[in-house]
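# Structural characterization, general
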Amino acid sequence: MAGAALPKAELTTSGRPILFPNEIECSLLSNVELEPEGSPPLSSSIHLRSSFMILTTHRLIFVSDSSSAAASAAATANAASYVPLASVAHIFSLKKSIKSMFASPRLKFQLSVGSDGRVGGPAARSLVVTLVMRGKDDVEAFVDKFRQNWGARAWEREKESESASSGSSSIVESSASSSGYDSRGMRMVGVAGILRREQEMWESTDKSLQDAFQDLNALMSKAKEMVMLAERMRSKLLSAPSQAGSSNDEELGSKEEMQEWLLSVGIVSPVTKESAGALYHQQLSRQLADFVKIPLERSGGMINLIDMYCLFNRARGTELISPEDLLRACSLWEKFDVPVMLRKFDSGVMVIQNKSHSDEEVFARIKSLITRPDALQMGVSAGDAAMTLGIAPAMAKEHLLTAESRGLLCRDVSPDGFRFYINLFPEIPTDDIYLVKDQGIYATWIKCASSTSRLE
Amino acid sequence: MQTLGNFKLPPFFNYPPYFTLQPVRDTREKQVQLWKELILDFCKTQKIFLIGLEEDFPLFSNPAIERSLTHEAREAFLAALVSEGRAEWLDKGHRKCLILWHRIQDWADIIINFVKDNGLEDSVTTVEEIRTGPESRGTDLQGVDRVILMRALKLLEHKGKLVIFKGTSADDEGIKFSS
């Protein structure tokens, strides 16, 4: 396969690259080709053509997209490989000539290659590679960004900070646990100690929060830190209940809630119009498909589009998207092989659901709900169904209406409200309206209904 | 079992959705069918010939479950009877409905039998006598709605079974049956 000498990049099921921790996506080019110079055995193993390429702070990721390919190619589809920016030895400047005005722009850079001809390992020699950009993207902006990311050396900084943070935290912990004194020489035991430590932590957290909110630009630059902070706070909270045995239910509840909030922060590298350009909606669609999995699971396989809009934008932080963008991203799912789909109910309500989500299962649950003795007598409202099914009332109503249209339920509109009952009409014989079969739901209903009237 | 006067109500009369016009086609067809049966049954046993949509009609509400039919639902069920020839609107505004628990043709047959049973062939009687006379006591003709009776008589006149003529009093007509 082309590009065999390049390391493989992992992709999500919807075909978005899985980024390294702290890696941020910066730019996206469509229709590119990597052309190495030199003799065939080596160059052919690097040569590759891909439908789009993503520039991140760490890598150049080449993705050959499946959406344009035939279905038979599904096995090899979504194959991706990458060039680590660390292996880039030099970037030549973009050649400007009369010729380049007509041909696709070409960017040359030098790549370090291992003695075995593989990219990404220890460098043995270097190779000049040409990046041919055939897409209609802003090439100059990309080259600037490329140069900038390459110069920033994010991958090196990370290694340093990793070793630094792990070292310092172990020191702090060991000193705190061994001596039992804090930096100011105060005793750090008992409830007071815990409170003080918590207070200190909050003070520092508070400070970084304040810094972050000074202005939006500052927040953007702090975004990565914020997500890390959220992660840290979450793990702290996770471990907290075990040590604080005295904490009451309310505290526990609020902690769980806090965890939920922290979990919902956190798309580190949101797809933006700026970074994705012409492929914005396509990429947004894929990112959304990856994102919805967890909220979908939590809400029973179906979630209101409006709820999803809120969750998605909250996770994106400041790079908010418009409702139109969300809708377009969702409607693009039809073209990709993703496990989720957009569904429109007869009432016009739109939801996101798993493809595997079956109405039959929901109907089975509605049926068991509606045939309980109290539901037989009184029917159920959308609110009742929402509580039993564990979903939002609006969603429950959609399910009930769908069940009604299938003839499972029928409605009762009265001053008491809008309620649903099991549909008995098919059970009642028309030739003798007084006849009741001994078996069946009609007989059960009569038993239930008559038992209440006797009570009254 | 719930009753309305001496009329025995079916069990589904206490089923709240029975009183809400169902939007789903299959369900609604069945509901309309059940209402048609019940209305005809009730009117027949209670000898009711006319239903006013704006007046209280005992069948159209169930105080036990606090449900009653909306105007729209009443009109829908009666319209279903009309389309089957088991009822007729008496006005364009659909405010009054004549219930034909016997079709006009069936009423005509009843009259013929009544004439035979009482040996009224070739004799003269009046419309009022058929409704209130001693001969009709105990039959379906007793107290029959005048509009319905006139319809049936006109049908028979059309077939040459009788002749209707203006009687001596202004509000009654004479009938001569042919043999």
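Computed from a prediction, not measured in an experiment: that's the story for all the values here.

The rules behind each value
Residues numbered from 1 in each chain as written. Chains lettered and ligands numbered in written order. Predicted model: local features only at pLDDT ≥ 70, side-chain atom pairs only at ≥ 80, totals over all residues. Heavy atoms only, no water. Helix = DSSP H or I, 4+ residues; strand = E, 2+ residues; numbered from the N terminus. Buried < 20%, exposed > 50% of the residue type's maximum accessible area, 1.4 Å probe, protein only. Contact = heavy atoms within 4.5 Å. Areas by Shrake-Rupley, 256 points an atom, 1.4 Å probe, with all protein chains shown as cover. Buried area = accessible area lost by both parts, 1.4 Å probe. Salt bridge = Lys/Arg side-chain N within 4 Å of Asp/Glu carboxyl O. Polar contact = N/O pair within 3.5 Å; in protein donor to acceptor, adjacent residues only side chain to side chain. Nonpolar A, V, L, I, M, F, W, Y, C, P; charged D, E, K, R; others polar. Pairing = 2+ DSSP bridges. Axes fitted to C-alpha atoms, helices over the stretch in contact; angles between N-to-C directions. pLDDT = per-residue confidence, 0-100. Arc of directions from axis to C-beta. Parallel < 35°, antiparallel > 145°, perpendicular 65-115°, else oblique. Patch = residues over 30% accessible without salt bridge, like charges linked within 9 Å, V, L, I, M, F, W, Y side chains within 5 Å. Lys, Arg positive; Asp, Glu negative; His and termini not counted. Charge placed at Lys NZ, Arg CZ, Asp CG, Glu CD. Phe/Tyr/Trp six-rings, centres within 6.5 Å; stacked < 30°, edge-to-face > 60°. Lys NZ or Arg CZ within 6 Å of the ring centre and 35° of its normal. Expected span 1.5 Å × (residues − 1).

## Some details on the overall build of chain A
Helix and strand content of chain A: 16 helices and twelve strands. For chain A, the residues scored as buried account for 42% of the 456 residues in total. The contacts in chain A between residues at least 6 apart in sequence include a share of 58% that link residues at least 24 apart. For chain A, the accessible area works out to roughly 24,900 Å², and carbon and sulfur atoms hold 55% of it.

## Examining the interface of chain B and chain A
Contacts between chain B and chain A engage 24 residues on the former and 25 residues on the latter. Roughly 2,200 Å² is buried in total at the junction of chain B and chain A, and carbon and sulfur atoms are behind 67% of that figure. Contact with chain A buries area across many residues of chain B, yet B:Pro11, B:Tyr15 and B:Lys30 alone supply 27% of it, more than any other trio. Applying the counting rule to chain B against chain A returns two salt bridges. Across the salt bridge formed by B:Arg67 and A:Asp412, the nearest N and O atoms sit 2.8 Å from each other. For the interface between chain B and chain A, the tally reads eleven residue pairs in polar contact (both at pLDDT 80 or more). Residue assignment for the side of chain B that touches chain A shows that the elements contributing at least two residues are strand S2 (7–8) and helix H1 (25–46) of chain B. Looking at the side of chain B that touches chain A, the element that brings in the most residues is H1(B), giving eight residues. When the residues that make up the side of chain B that touches chain A are grouped by side-chain class, the tally is 13 nonpolar, six polar and five charged.

## Observations regarding the sheet that holds strand S6 (residues 87–89) of chain B
All names here are of chain B. Read from one edge of the open sheet, three strands run S3-S7-S6, paired in antiparallel fashion. Of all the strands in the sheet, the pair left with one neighbour each is strand S3 (50–52) and S6. Within the sheet, the average angular offset between the axes of one strand and its neighbour, ignoring direction, is 25 degrees. Two strands pair when backbone bridges link them, and S3 and strand S7 (residues 96–99) are joined in this way by three bridges, in the antiparallel orientation. The partner of Gly52 across the bridge, within S7, is Lys96. Along the sheet, helix H2 (residues 71–83) makes contact with S3, S6 and S7, crossing S6 at roughly 115 degrees.

## Concerning the confidence of the model for chain A
Residues and elements named next belong to chain A. Mean pLDDT over chain A: 75, with 73% of residues reaching 70 or higher. Taken together, the stretch residues 167–183 has pLDDT below 50 and engages in eleven contacts with residues farther than four places along the chain or on a different chain. Here residues 243–247 scores under 50 on pLDDT; set against residues more than four positions off or in separate chains, the count is one contact.

## Details of helix H11 (residues 323–331) of chain A
When we look at burial in H11(A), the residues that qualify are A:Asp325, A:Leu326, A:Ala329 and A:Cys330. Here the buried residues of H11(A) occupy an arc of 135 degrees about the axis, which is enough to place them on one side.

## Examining the packing of helix H12 (residues 359–370) of chain A against helix H15 (residues 393–405) of chain A
Two packed helices can be described by the angle between their axes and the distance between those axes. All names here are of chain A. Two numbers describe how H12 lies on H15: the axes approach to 10 Å, and their chain directions differ by 90 degrees. For the element pair H12 / H15, the angle class is roughly perpendicular. Contacts between H12 and H15 involve Val362, Phe363 and Ile366 from the first element and His399, Leu400, Thr402 and Ala403 from the second. When grouped by side-chain class, the residues that make up the contact of H12 with H15 number five nonpolar, two polar and no charged.

## Observations concerning the confidence of the model for chain B
Here chain B shows a mean pLDDT of 86. Residues at 70 or above account for 96%. Strand S1 (residues 3–4) of chain B is the least confidently modelled element of chain B, averaging 76 in pLDDT, while H2(B) averages 92, the highest of any element.

## Some points on the sheet that holds strand S7 (residues 125–133) of chain A
Residue and element names in this part refer to chain A. As summarised here, the arrangement of the seven strands in space is S4-S3-S2-S1-S7-S6-S5, forming an open sheet in which the pairing is antiparallel. At either margin of the open sheet sits one strand with a lone partner, and together these are strand S4 (80–84) and strand S5 (88–91). Here the strands of the sheet are splayed against their neighbours by 35 degrees on average, with no regard to which way each runs. Sheet analysis places strand S2 (residues 48–56) next to strand S3 (residues 59–63), joined by four bridges and oriented antiparallel. Directly across from Phe52, in S3, lies its bridge partner Val63.

## A look at a negative patch on the surface
On the surface, a cluster of negative charge is made up of A:Asp431, A:Asp432, B:Glu37 and B:Asp41. By the element assignment, B:Glu37 lies in helix H1. In this structure B:Glu37 comes out as partly exposed when scored by relative accessible area, which is 30%.

## Quick word on the packing of aromatic side chains
Aromatic rings considered in pairs are described by the distance between their centres and by the relative angle of their planes. All chains considered together, the criterion is met by 23 aromatic pairs over all chains. Between the aromatic rings of A:Phe142 and A:Phe146, the centroid separation amounts to 5.7 Å while the plane-to-plane angle is 15 degrees, which identifies the pairing as stacked. Of this pair, A:Phe142 and A:Phe146 both sit in helix H3 (residues 139–152), separated by four residues, roughly a single helical turn. For the pair formed by A:Phe142 and A:Phe146, the shared burial category is buried. Centroid distance B:Phe42 to B:Phe57: 5.7 Å. Interplanar angle 90 degrees. Geometry classified as edge-to-face. Separated by 15 residues along the polypeptide, B:Phe42 in helix H1 and B:Phe57 in the loop between S3 and strand S4 (61–62) bring together distant segments of the chain. Residue B:Phe57 is classed as buried on the basis of its relative accessible area of 8%. We note A:Arg59 situated over the ring of A:Phe20; from NZ or CZ to the ring centre the distance is 3.8 Å. Geometry around A:Tyr82 places A:Arg59 over its ring, the cationic atom sitting 4.5 Å from the centre.

## Section: H12(A)
Helical periodicity: at 3.6 residues per turn, an α-helix aligns residues three or four positions apart in one direction. All names here are of chain A. For H12, with twelve residues, the first-to-last C-alpha span of 16 Å sits near the 16 Å given by 1.5 Å per residue. Among all positions in H12, only Asp359, Val362, Phe363, Ile366, Leu369 and Ile370 are buried. Along the long axis of H12, the arc covered by the buried residues comes to 120 degrees, so they all point the same way. Where the residues of H12 are buried, they touch strand S9 (340–344), helix H13 (373–378), helix H14 (382–389), H15, strand S11 (409–414) and strand S12 (417–422).

## Notes on the side chain of B:Lys30
Tracing the backbone through its elements, the reader meets B:Lys30 in helix H1. Looking at B:Lys30, its side chain comes within polar contact range of the main-chain oxygen of A:Ile428, at 2.5 Å. Residues within four places of B:Lys30 in sequence aside, it is in contact with A:Phe425, A:Pro426, A:Glu427, A:Ile428 and A:Thr430.

## Brief notes about the pattern of salt bridges
Opposite charge on two side chains allows them to pair when their charged atoms are near. Taken as a whole, this structure holds 16 salt bridges over all chains when the rule is applied. A salt bridge links A:Asp384 to A:Arg419, with the nearest nitrogen and oxygen atoms 3.3 Å apart. Here A:Asp384 is found in helix H14, whereas its partner A:Arg419 is found in strand S12, with 35 residues between them in sequence. The exposure class of A:Asp384 is partly exposed, given its relative accessible area of 28%. Overall, A:Arg419 belongs to the buried group, its relative accessible area being 19%. When salt bridges with common partners are traced through the structure, they connect B:Glu128, B:Arg131, B:Arg146 and B:Glu173 into a single cluster.

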